[in-house]
Amino acid sequence: MLFAIAISLLYVEIKDSVLRRLFAELVKKFWSEWELRSMVILSLILQFLLGYFGRKRKKYTGKWVPAIAISAWLVYLSADWMATLVLSTLLRGGTNQELQNGLIVFWTPFLLWHLGSPYNITAYSLEDNELWLRHFLGMVFQIGEAIYIYIRFRTNTALNAMALPLFIGGVIKYAERIWALRCASPKQLVNFFYSSSSTSKTPNEGNGIGCNMKEMIRTGMFDLTKRRDFIGDPTISPEVKFLREVDFSFDIFKPLFADLPFQISREFHDEMVYLPSKNAEEAFNFVGLELEFVYDLLYTKIPIKHRQHRLSLVLQTICFVFLLSVLIAFSAFLHKIQHSTVDAAVTYLLLSGALSLEIYSWFMHFRSQWTMLRYAIPGNKLQKLYHRLVARRLRSIKSRKGIKQMAQHDLIDYIVKAKSSWFTPVIKLIDTANLLQKFWHSKWKPIDTELKDFIYYYLEKKRYKFDEEGKKLESLDKLLSEKGDNAIREKLGISEAEYWKMESTDFTRRIFVWHIATSLVYYDDFYKHRIGTCDSILRIGKSLSDYMMYLVLVRPTMLPNGFSEMVNKETRQEAERFFPQMHRRKRLKVSMKDFIAALLPMKNEYSPLFSQKTALAEGVKFAQQLQVLATENTLRWDGEDKWQMISEIWMDMMVYAASRCTWEEHAQQLRHGGELLTHVSLLMAHLGLSTQVHRLDKFPADDHLSEGVLPFPDFSI
């Protein structure tokens, strides 16, 4: 913000000399007349674009994710900078003499409204929340500028009086944004997560001593006897009850997204958090809605509006009434004000634009999940009417199927296409960061019910193992640290598992190796018509493999640190040596078939490739071993058994990655529509498969409570 202010002041200082040197007098005159008009219009347009991209980036997953992310970033920065630039230009008074009649004063408060940003995007990333104090200082400076402009250019016309309510509304909007940034900053989140205990009614309210630990929901959050009644209200519809369950679960798991470990009581975990009664689609929908609440908490104004809903309603009504009354007053007094037709049109545009944004904000507030879980109840006549109006939306929310799409990156397919393209040598010279490979070649596919079932029931199997081993923390660590070795041991036995060990401890390299093996087996089975009845589990294994490769290349911050860039480069260079020398105009299907045949010489056990410890060499080795498994009579395996093991290996690696990814990184990815890995991580937390969530089986000894001493929560887990 302060940088934008500095750049704006610099522009104002040098623009005249630049125009004088580079352009003719006619151009300079045209720009002098239209500079402020064009900038305030552009500032308004940017507000509409900001609202659009704020909504789009929350839910969109698909091939345009990078374009939407870049567009949202550019619009977010440009919106603040443009409003700041206009204020700085107005501060100098401009050069257009026609604007000296009061319109400068009248246009100034709109810029404060624009700096307040739309309701659905206050921060582009989590770093903006951390820098809330810098934004606050920027707000003080901008409001000071606006006050100075108001005093300097005030006139005796009605415009001067009409600008005052707009100023008040602009300050309210701007302050709302800064308050939202502050509330979403890490320090304030930690205070907020632990503030519930202070509201517990205890014999000694001042220091919280004497609180009944059996009423604890989680560390820093206590049962106020209203929560269970709020969810179990017999008068509410099943859809509203579902939303309230999601909201309560969101309340419990909020500390995770600040990377805070916490304890949770056994009673509330088993009743409210654990999802044993839900099938896979319902569970994915449940955590998907939770993540929408998390996104709102970190990136929008919505939570602060609902935290103090009465105050927010009053302020929003004041702003709306101010805008509407000023629009009416401006229309009534326009004939008494000296103005040009163009300036009047611009003023009407600013007023109608601000009014449209407010109406849209009201509409989205009306149909917000936060509003529905509180007011869509059969209470008074107004609440019954509201429930009828949103009944269809409530049903659609409950019937959702959770995350819709997942990214895919097939490294073998990319290598073949790159080798078969005439433009590859030129692209290599230009694209040194492999952006084309990472973003253009990455595809998106729907997440079907079969894949969700496989993921969810595999996690439930992990939970069952955890229960069998006594729910010990050591057992949980072991379960979450399996990278596919356990799936191999269960399928092949301990003695055979020795042939599948990898020397490297680099997790990203392991993903490369198993991705290469999975792709080679997939294409070999496809071209040799071995798919048969294993089509479903084959697609699951291939989808998980391609998704994990996408994470390695495009979202490496979600995985443990590794040498992914070097392994990627090494694999592509190594593959070119084994690529058959064919004419580039051959069809890609034929090229892929020949390439697989070159990499899988099933009868050649002494290929020189195996003498090198590369990811490609190990991948080919594992692919050959996988293909041999289905032909061994001793195991009596078929294609389905083989692909079942491959899929379970990938699930082990996904669980490992999910358990190692920080929750802050999960929160960062919500601004890109959310990753499947984030949904899996939250499902694991619900199932008790998170080392940061400690299910409290036993309560502290009663003698501690009788002495009035409340044990400090254990954060060592």
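Draft legend 1. Layout of the overall build of the protein. Counting secondary structure elements, the protein contains 33 helices and six strands. In the protein, which comprises 717 residues, the share counted as buried stands at 55%. Sequence-distant contacts, at least 24 apart, represent 83% of the contacts inside the protein between residues at least 6 apart.

Draft legend 2. Looking closely at helix H22 (residues 473-480). Those residues of H22 that fall on the buried side of the exposure criterion are Ser475, Leu476, Leu479 and Leu480. One side of H22 holds all its buried residues, which, seen down the axis, span an arc of 130°. Turned more than 90 degrees away from the buried face of H22, the exposed residues are Glu474 and Lys478.

Draft legend 3. Structural view of unusual backbone geometry. In this structure, serine 117 is a non-glycine residue whose phi angle is positive, near 65°. Residue placement: serine 117 occurs in the loop between helix H4 (103-115) and helix H5 (126-130). Residue serine 117 is classed as buried on the basis of its relative accessible area of 7%. We note that aspartate 259 has phi near 55°; this positive angle belongs to a residue other than glycine. Structurally, aspartate 259 can be placed in the loop between helix H10 (238-253) and strand S3 (262-265). Aspartate 259 sits in the partly exposed class, given a relative accessible area of 28%.

Draft legend 4. Highlighting a nonpolar patch on the surface. There is a patch of nonpolar side chains on the surface, built from Trp422, Phe423, Ile427, Leu436 and Trp440 and spanning about 620 Å² of accessible area. Mapped onto the secondary structure, leucine 436 falls in helix H20 (residues 435-440).

Draft legend 5. Quick peek at a positive patch on the surface. The grouping of Arg55, Lys56, Lys59 and Lys404 at the surface amounts to a positive patch. Owing to a relative accessible area of 48%, arginine 55 belongs among the partly exposed residues under this scheme.

Draft legend 6. Focus on the confidence of the model for the protein. Per-chain confidence: the protein averages 81 in pLDDT, with 81% of residues scoring 70 or above. Low pLDDT, under 50, characterises residues 196-214; the predicted model gives this stretch 27 contacts beyond four residues in sequence or across chains. Counting interchain partners and residues more than four positions distant, the pLDDT-below-50 stretch residues 602-606 has four contacts.

Draft legend 7. A look at the nonpolar core. Core analysis: the biggest nonpolar cluster contains 200 residues, and Phe106, Trp514, Met548 and Leu676 have the highest contact counts within it. What phenylalanine 106 contacts, discounting residues up to four positions off in sequence, is Leu159, Met162, Ala163, Leu166, Val326, Phe330, Thr347 and Leu351.

Draft legend 8. The packing of helix H3 (residues 65-91) against helix H6 (residues 132-152), seen in detail. At a minimum axis separation of 9 Å, H3 and H6 run at an interaxial angle of 35°. Between H3 and H6 lies a crossing of left-handed hand. In this structure, H3 uses Tyr76, Thr84, Leu87, Ser88, Leu90 and Leu91 to contact H6, whose residues at the interface are His135, Gln142, Glu145, Tyr148, Ile149 and Arg152. When its residues are assigned to classes, the contact of H3 with H6 shows six nonpolar, four polar and two charged.

Draft legend 9. Expanded view of the environment of leucine 682. Looking at the element boundaries, leucine 682 is found in helix H32 (residues 676-686). Assessed through its relative accessible area of 1%, leucine 682 is described here as buried. Sequence separation between leucine 682 and leucine 291 is 391 residues, and the spatial gap between their C-alpha atoms is 8.7 Å. When residues no more than four places from it in sequence are discounted, the contact partners of leucine 682 are Phe253, Val287, Glu290, Leu291 and Trp663.

Draft legend 10. Spotlight on the environment of isoleucine 531. Assignment of secondary structure puts isoleucine 531 in the loop between helix H25 (507-527) and helix H26 (535-554). Looking at isoleucine 531, the relative accessible area reads 18%, which means it is buried.

Draft legend 11. Representation of the packing of aromatic side chains in the model. Applying the stated criterion to the full structure yields 26 aromatic pairs. Residues tryptophan 444 and tyrosine 550 carry aromatic rings whose centres are separated by 6.0 Å and whose planes lie at 65° to one another, so their mutual orientation is edge-to-face. Separated by 106 residues along the polypeptide, tryptophan 444 in strand S5 (residues 443-446) and tyrosine 550 in helix H26 bring together distant segments of the chain. Aromatic side chains tyrosine 523 and tyrosine 527 sit 6.4 Å apart centroid to centroid with 20° between the ring planes, which places their arrangement in the stacked category. Here the residue tyrosine 523 and the residue tyrosine 527 both occupy positions in helix H25, the gap between them amounting to four residues, near one helical turn. The same class applies to tyrosine 523 and to tyrosine 527, which are both buried. An aromatic cluster is defined as three or more aromatic residues linked by ring pairs; in this entry it consists of Phe106, Phe110, Phe330 and Tyr348.

Draft legend 12. Focus on the pattern of salt bridges. Tallied over the entire structure, the rule returns 26 salt bridges. Salt-bridge contacts for lysine 462 lead to glutamate 482; the nearest nitrogen and oxygen are separated by 2.7 Å. You can see lysine 462 sitting in helix H21 (residues 449-468) and its partner glutamate 482 sitting in the loop between H22 and helix H23 (485-492), a full 20 residues away along the chain. Under the relative-accessibility criterion, glutamate 482 is labelled buried at 10%. Residues lysine 465 and glutamate 490 are paired through a salt bridge, measuring 2.7 Å at the closest nitrogen-oxygen approach. Residue lysine 465 is found in helix H21, and its partner glutamate 490 is found in helix H23; the two are separated by 25 residues along the sequence. Looking at lysine 465, the relative accessible area reads 18%, which means it is buried. Within this structure, Asp448, Glu450, Asp535 and Arg539 form a network of salt bridges that share partners.

Draft legend 13. Molecular detail of helix H17 (residues 381-398). For H17, spanning 18 residues, the distance from its first C-alpha to its last is 24 Å, which sits close to the expected 26 Å at 1.5 Å a residue. The largest bend in H17 amounts to roughly 55° and is located at valine 390. Every buried residue of H17 is listed here: Gln383, Tyr386, Val390, Ala391, Arg393, Leu394 and Ile397. In this structure, the buried side of H17 is in contact with H10, helix H12 (280-299), helix H15 (341-366) and helix H16 (369-375). Measuring from the side-chain oxygen of the N-cap residue of H17 to the backbone nitrogen of leucine 382 gives 3.1 Å; that N-cap residue is asparagine 380.

The rules behind each value
Residues numbered from 1 in each chain as written. Predicted model: local features only at pLDDT ≥ 70, side-chain atom pairs only at ≥ 80, totals over all residues. Heavy atoms only, no water. Helix = DSSP H or I, 4+ residues; strand = E, 2+ residues; numbered from the N terminus. Buried < 20%, exposed > 50% of the residue type's maximum accessible area, 1.4 Å probe, protein only. Contact = heavy atoms within 4.5 Å. Arc of directions from axis to C-beta. Patch = residues over 30% accessible without salt bridge, like charges linked within 9 Å, V, L, I, M, F, W, Y side chains within 5 Å. Areas by Shrake-Rupley, 256 points an atom, 1.4 Å probe, with all protein chains shown as cover. Salt bridge = Lys/Arg side-chain N within 4 Å of Asp/Glu carboxyl O. Lys, Arg positive; Asp, Glu negative; His and termini not counted. Charge placed at Lys NZ, Arg CZ, Asp CG, Glu CD. pLDDT = per-residue confidence, 0-100. Core = buried A, V, L, I, M, F, W, Y, C linked by side-chain atoms within 4.5 Å. Axes fitted to C-alpha atoms, helices over the stretch in contact; angles between N-to-C directions. Left-handed = near helix turned anticlockwise from the far one by under 90°. Nonpolar A, V, L, I, M, F, W, Y, C, P; charged D, E, K, R; others polar. Phe/Tyr/Trp six-rings, centres within 6.5 Å; stacked < 30°, edge-to-face > 60°. Expected span 1.5 Å × (residues − 1). Bend = angle between axes of the 7 residues up to and from the residue. Polar contact = N/O pair within 3.5 Å; in protein donor to acceptor, adjacent residues only side chain to side chain.

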